[in-house]
Amino acid sequence: MAPALSLLDLAPISAGQTARDSFEASVELARAAERSGYRRVWYAEHHNMPTIASSATSVVIGYVAAHTSTIRLGAGGIMLPNHSPLVIAEQFGTLATLFPSRIDLGLGRAPGSDQNTMLALRRDNSSADSFPADVQELQGYLNGRSRVPGVQAVPRADEVVPLYILGSSLFGANLAAQLGLPYAFASHFAPDALHTAVTVYREKFRPSDQLDQPYVIAGMNVFAADDRATAEEQRTTAYRARTRSMLTRGARGANFTDAEIDAFLASPNGASLAAMTRYTATGTADEVADQLNAFAASVGADELIVAHHASDLADRIHSIELTGKSR
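To keep things clear, this report deals only with the structure shown in the data block. Note on numbering: residues in each chain are counted from 1, in written sequence order. Local features are withheld for residues below a pLDDT of 70 in this predicted model, meaning they are given only at 70 or higher, and side-chain atom pairs are given and counted only at 80 or more; totals for whole chains, interfaces and linings count all residues. Each side-chain value is derived from all of the structure's non-hydrogen atoms; neither hydrogens nor water enter the calculation.

Turning our attention to the packing of helix α1 (residues 19–35) against helix α12 (residues 313–325). At their nearest, the axes of α1 and α12 sit 9 Å apart, and the two run at 20° to each other. By the angle between their directions, the pair α1 and α12 is classed as roughly parallel. For the element pair α1 and α12, the recorded crossing hand is right-handed. Counting all contacts with α1, which are made through A25, E28, L29, A32, A33 and R35, the residues of α12 involved are L313, R316, I317, I320 and E321. Lines are fitted to the C-alpha atoms to define the axes, a helix being fitted only along its stretch in contact, and any angle between axes, read from their N-to-C directions, falls within 0 to 180 degrees. Starting at the N terminus, helices and strands are each numbered in turn, a helix being any DSSP run of H or I of at least four residues and a strand any DSSP run of E of at least two. If an angle is under 35 degrees, it is roughly parallel; if it is over 145, roughly antiparallel; if it lies from 65 to 115, roughly perpendicular; otherwise it is oblique. Less than a right angle of anticlockwise turn of the near helix away from the far helix marks a crossing as left-handed, whereas a clockwise turn marks it as right-handed. For this analysis, residues touch if any pair of their heavy atoms sits within 4.5 Å.

The next thing to look at is the packing of aromatic side chains. Geometry of aromatic contacts follows a simple scheme: Phe, Tyr and Trp rings, the Trp one being its six-membered ring, pair when their centres are within 6.5 Å, and the pair is stacked under 30 degrees between planes, edge-to-face over 60, tilted otherwise. Counted under the stated rule, the structure contains six aromatic pairs. Pairing F223 with Y239 gives two aromatic rings, centres 5.3 Å apart and planes at 85°, and the pair type is edge-to-face. Here the residue F223 occupies a position in strand β7 (residues 216–224), and Y239 occupies one in helix α8 (residues 228–247), the gap between them amounting to 16 residues. Of the two residues, F223 and Y239, both sit in the buried class. Through pairs of rings, three or more aromatic residues link up here, namely Y183, F185, Y201 and F205. Note on classification: 1.4 Å probe, protein chains only; a residue is buried when its accessible area is under 20% of the maximum for its type, exposed when over 50%, partly exposed between these limits.

Here G76 and G77 are connected by a cis peptide whose omega angle stands at 10°. Look at the link from V154 to P155: it is a cis peptide, with omega at 0°. With respect to the helices and strands, the residue P155 is situated in the loop between α5 (131–143) and β5 (163–167). One non-glycine residue with positive phi stands out, namely A11, at about 50°. Looking at where A11 falls in the secondary structure, it is placed in the loop between β1 (4–8) and α1. Judged by its relative accessible area of 2%, A11 is buried.

Right, let's talk about the packing of helix α3 (residues 85–98) against α5 for a bit. At a closest axis distance of 9 Å, the pairing of α3 and α5 adopts a crossing angle of 40°. As judged from the angle between their axes, α3 and α5 are oblique. Handedness of the crossing formed by α3 with α5: right-handed. Residues P85, L86, I88 and A89 of α3 lie in contact with α5, whose contacting residues are D134, E137, L138, Y141 and L142. Any residue that is not Ala, Val, Leu, Ile, Met, Phe, Trp, Tyr, Cys, Pro, Asp, Glu, Lys or Arg is counted as polar, Gly included; the first ten are nonpolar and the last four charged. Broken down by class, the residue content of the contact of α3 with α5 amounts to seven nonpolar, no polar and two charged.

A few words now on helix α2 (residues 57–66). Within α2, seven of the 10 residues are buried, which leaves the element mostly enclosed by the surrounding structure. For α2, the set of buried residues is T57, S58, V60, I61, G62, V64 and A65. Buried residues along α2 sit in contact with α1, β2 (40–43), β3 (72–79), α3 and β4 (103–108).

What follows deals with empty space enclosed by the protein. Cavities and pockets were defined on a 1 Å grid built over protein atoms only: a cavity is a set of grid points that admits a 1.4 Å probe from which the probe cannot escape, a pocket is an open set flanked by protein on both sides within 12 Å along at least five of seven lines, and lining residues are those with an atom within 4 Å of any such point. Grid points are joined across faces, edges and corners, and a volume is the space filled by probe spheres set on the points. A complete count under the given rule lists one cavity of 30 Å³ or more for this structure. One number sums up the size of the largest cavity: a volume of about 40 Å³. Around the largest cavity, the lining residues are A89, G93, Y141, L142, A153, P155, R156, A157, E159 and V161. Mapped by element, the contributors of at least two residues to the lining of the largest cavity are α3 and α5. Of the residues belonging to the lining of the largest cavity, the class tally is seven nonpolar, one polar and two charged.

We now examine α5. Taking 1.5 Å of rise per residue, the 13 residues of α5 would be expected to cover 18 Å, and the 18 Å separating its terminal C-alpha atoms lies within 8% of that figure. Along α5, the residues classified as buried are F131, D134, V135, L138, G140, Y141, L142 and N143. Along its buried surface, α5 packs onto α3, β4, β5 and α6 (170–179). A helix's residues, less one, multiplied by 1.5 Å, set its expected span.

Its location among the elements puts S22 in helix α1. The residues contacting S22, other than those within four sequence positions of it, are A11, P12, I13 and A53.

Another aspect to go through is the pattern of salt bridges. When a carboxyl oxygen of Asp or Glu lies within 4 Å of a side-chain nitrogen of Lys or Arg, that pair is called a salt bridge. Enumeration according to the criterion identifies 15 salt bridges in this entry. Here R40 ties to E303 by a salt bridge, and the two come within 2.7 Å at their closest N and O atoms. Of this pair, R40 sits in strand β2 while E303 sits in strand β9 (residues 303–308), and the two are 263 residues apart along the sequence. Residue classification places E303 among the buried positions, given a relative accessible area of 0%.

The next subject is the environment of M220. With respect to the helices and strands, M220 occurs in strand β7. Looking at M220, the relative accessible area reads 4%, which means it is buried. Considered as a pair, M220 and Y279 are 59 residues apart in the sequence and their alpha carbons are 5.5 Å apart. In this view, M220 contacts H188, Y279, T280, A281, Q291, L292, F295, I305, V306 and A307; residues no more than four positions away in its chain are not counted.

Functional significance is not addressed by these values, which are geometric in nature.
Following this line, the structure appears as structure tokens:
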């Protein structure tokens, strides 16, 4: 049986566009996912990145939820060491009260930013050390069994907001297994430890109130189009733009030619950057479906969360629709 299919929306701010344009695009992408049978859409917390609009993740979730009807929406993820667990419990308790049975909360421990931004967030290098305890404190607020005497998260939704542990290493796999939570691996940009981490998670999993058996979500990139040549062209264009952004840290105006970008990606220095997108499905709807199913089978994924990267919004929407309808 094919795994469940979900969408990761990276909320890009394209050249010549505004953050408002990005939010409107996120609504259109979520609507496309909703009508195409996707299970959920997630947004990631990033800071001080001029090309990403999802820094205030819970606000974006609420905006998209108000403009959609049934699809689940959530964070993939909230970088919990950046925040008080109580504040996140209040935010997601509010969202789940406003949009019952539609809100997820994925949690990560990375800063989602650079060193200076981390300091501006009032976070230091030791903040991640408290991540396991912070997850449990947050869980207590959400399920009404607070670990802090006399403190409750208000509002608390009638249902318990489900938690997911995000990761790209064995740390997240071990924590998700220990707490009996679903585990989402960021293989769409950090593929190296995928199979080892999933094996560790499944072997060490302990049932919990939320989950009685392991549940694995794996990330993959997708370019689906009406013909393979178009999909490959979209992939080349998008990954060149991504490389430019990473080389310039998102600064506008850097003038690397396509030939220079291609030469860099083919060089030893660019090899690691090129390898980050190892798990990418490209082609027609049927070709993409075959690639997604083979990837899911290789890791035993229960669900795939896919990022559609075509530069043009209409092409991203079409890719979402083709991928959903082919499954």
